[in-house]
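Each chain, written out:
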There are 2 protein chains.
Amino acid sequence: MNKTLMTDTTEEPRYELYYWPQIPGRGEFVRLVFEDAGAPYTDVARLPAEQGGGIPAMMAVMKGGSPGLVPLAPPFLKIGELVIAQTANICLFLARRFGMVPGDETRQAEAMQLQMTVADFVAEVHDTHHPVATGAYYEDQKPEAHKRAAQFLDTRMPKFLGYFERILAVQATRGPGRFVLGEAISCVDLSLFHIVAGLRYAFPNGFAAFASHAPHLIELHDRVADRPNIAAYLASERRLPFNQHGIFRHYPELDAD
Amino acid sequence: MNKTLMTDTTEEPRYELYYWPQIPGRGEFVRLVFEDAGAPYTDVARLPAEQGGGIPAMMAVMKGGSPGLVPLAPPFLKIGELVIAQTANICLFLARRFGMVPGDETRQAEAMQLQMTVADFVAEVHDTHHPVATGAYYEDQKPEAHKRAAQFLDTRMPKFLGYFERILAVQATRGPGRFVLGEAISCVDLSLFHIVAGLRYAFPNGFAAFASHAPHLIELHDRVADRPNIAAYLASERRLPFNQHGIFRHYPELDAD
């Protein structure tokens, strides 16, 4: 964060993240921005109720109990009276504050474009296990999920990851250790790290078969994982493990053989 | 557009929109911003090839034939060497230029949040006819589409449109003729107009059954349609009719009875 923009009397804002407490889910893309920046935040719904946490605290904001614009769904960020929702929107908002995206309008539009493409991809990952109804159980849509997951591994995953690989390959021609937007890390790189981790968990066979087509993406994943703040986060209890209730789920029957 | 920000020597930038020429699709959300603002733009792929148009001109940019960041998919906007993709990103970028969103960071984050929620909804509309594979024909996924469309009409459409209705209802308590973000129209209102028009085309029965739950949204649709620039656009050949190849498709078997 650019301290020179702050006056002596400006306090650090109190960042409150609201997301389902049991899953990495979409909240994880926001957590990674805070963690890499080393910025303090409160993961409200993971606090006990007696400390003002839990799912009821999250639901209270969604029911309009806060002065800001009501969010449709978590994750959302609360900074005093300001409430911001939509994962890509939160990531860019924080990345601007933490100096994690370039300052000019053009580069910010590019960062937003890539972060939205991440969001589109995440929605497609989710729909591999919920192709018919978000509100129903996976077990009630298994035949459809089987078809959609096969399409995902055959065409959608290569399309999206191939796109990011192509951008990283162009960056690699400009020098070593670069990120999707250039020399400095952005929220998009942190998201791509999590996507690689998530796909390895959800589709170990399908992703392994694809990985040789995305060497720059794999290298980026490893480089992000080694960043001191990220490594410390991954080793902490703040990093929730993948499980069968989030975006990235491991159902062996949906993976490639 | 705020002319006072321009110097005498600044020319209007040349805005080039690239999108599939035969469908309203996602490109329509961008067209509506240009049209309401009265800003000149070129709909490149709808020009004949001898004028530099057609799908090959669009594909050339997607293959990296332009200095800007390569887009994954249309629509994308080209302004000189700058290329911007992702519908919500383009809409907000233009809305800022045309003075169609408030200037401060908070309100812009709110506008982006709502525009991204529009994009999420549009993806769900699309998946009613393509629940298994975007790249396959509807006719090859009809049983799955039947299930997904029923879920859409029962739960997803009411969830999303109910959200916007709730925001508009709050605005209505503050005075007549207001829009989702306040007194001035934004790109989000233009998108909501198109969504109502599209749902009436795609799901005439399903939308009619829901419409009484969203009186403010219907009123907003009518008010946007009556704006002089929009009315002129709707009466022009620039407004492409809905058809069976875009986001909003009318398959009677997917509609409610």
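Look up a bit, the structure's there.
Model, not experiment: these values are computed from the prediction.

### Concerning the sheet that holds strand β3 (residues 76-79) of chain A
Backbone hydrogen bonds hold the strands of a sheet together, and the pairing may be parallel or antiparallel. Residue and element names in this part refer to chain A. Ordered by their spatial adjacency, 4 strands build an open sheet running β2-β1-β3-β4, and the pairing between neighbours is mixed. The sheet is open, and its two borders are formed by β2 (42-43) and β4 (82-85), each paired with just one other strand. Examined bridge by bridge, strand β1 (residues 15-18) and β3 share 4 bridges and lie antiparallel to one another. Looking at β3, one finds that tyrosine 18 is bridged to phenylalanine 76. In the packing of helix α2 (residues 55-62) onto the sheet, the strands contacted are β1, β3 and β4, and the crossing angle to β3 comes to about 80°. Strands in contact with helix α3 (residues 87-97) are β1, β3 and β4; relative to β4, the strand with the most contacts, it is inclined by about 125°.

### What about the interface of chain A and chain B?
If you look at the interface, chain A gives 42 residues, while chain B gives 42 residues. Both faces considered, chain A and chain B share a buried interface measuring about 3800 Å² in area, 57% of it formed by carbon and sulfur atoms. It is Leu69, Leu72 and Gln86 of chain A in chain A that bury the most area against chain B; as a group they hold 18% of the surface buried on that side. Run the count over chain A and chain B and you get 6 salt bridges. Its salt-bridge partner being arginine 148 of chain B, residue aspartate 127 of chain A comes within 3.4 Å of it at the nearest N-O pair. On the surface where chain A and chain B come into contact, there are 20 residue pairs in polar contact (both at pLDDT 80 or more). Listing elements by their share of the side of chain A that touches chain B, those giving two or more residues are β4, α3, α4 (105-129) and α5 (142-172) of chain A.

### Quick notes on α3 of chain A
Residue and element names in this part refer to chain A. In terms of burial, α3 is a largely internal element, 9 of the 11 residues being buried. Every buried residue of α3 is accounted for by Thr87, Ala88, Asn89, Ile90, Cys91, Leu92, Phe93, Leu94 and Ala95. Within two residues after α3, glycine 99 carries a phi angle of roughly 65°, on the positive side.

### Here's the deal with the environment of glycine 182 of chain A
Inspection of the secondary structure assignment puts glycine 182 of chain A in the loop between α5 and α6 (187-202). Given the relative accessible area of 4%, glycine 182 of chain A is considered buried.

### Quick notes on the side chain of lysine 78 of chain A
Residue and element names in this part refer to chain A. Relative to the elements of secondary structure, lysine 78 occurs in strand β3. The charged side chain of lysine 78 is buried without a salt bridge, its nearest counter-charge being glutamate 16 at 4.2 Å. At 3.0 Å, the side chain of lysine 78 forms a polar contact with the backbone oxygen of glycine 80. Ignoring any residue separated from it by four or fewer positions in sequence, one finds lysine 78 in contact with Arg14, Tyr15, Glu16, Tyr18, Val61, Ser66 and Val83.

About the thresholds
Residues numbered from 1 in each chain as written. Chains lettered and ligands numbered in written order. Predicted model: local features only at pLDDT ≥ 70, side-chain atom pairs only at ≥ 80, totals over all residues. Heavy atoms only, no water. Pairing = 2+ DSSP bridges. Helix = DSSP H or I, 4+ residues; strand = E, 2+ residues; numbered from the N terminus. Contact = heavy atoms within 4.5 Å. Axes fitted to C-alpha atoms, helices over the stretch in contact; angles between N-to-C directions. Buried area = accessible area lost by both parts, 1.4 Å probe. Salt bridge = Lys/Arg side-chain N within 4 Å of Asp/Glu carboxyl O. Polar contact = N/O pair within 3.5 Å; in protein donor to acceptor, adjacent residues only side chain to side chain. Buried < 20%, exposed > 50% of the residue type's maximum accessible area, 1.4 Å probe, protein only. Lys, Arg positive; Asp, Glu negative; His and termini not counted.

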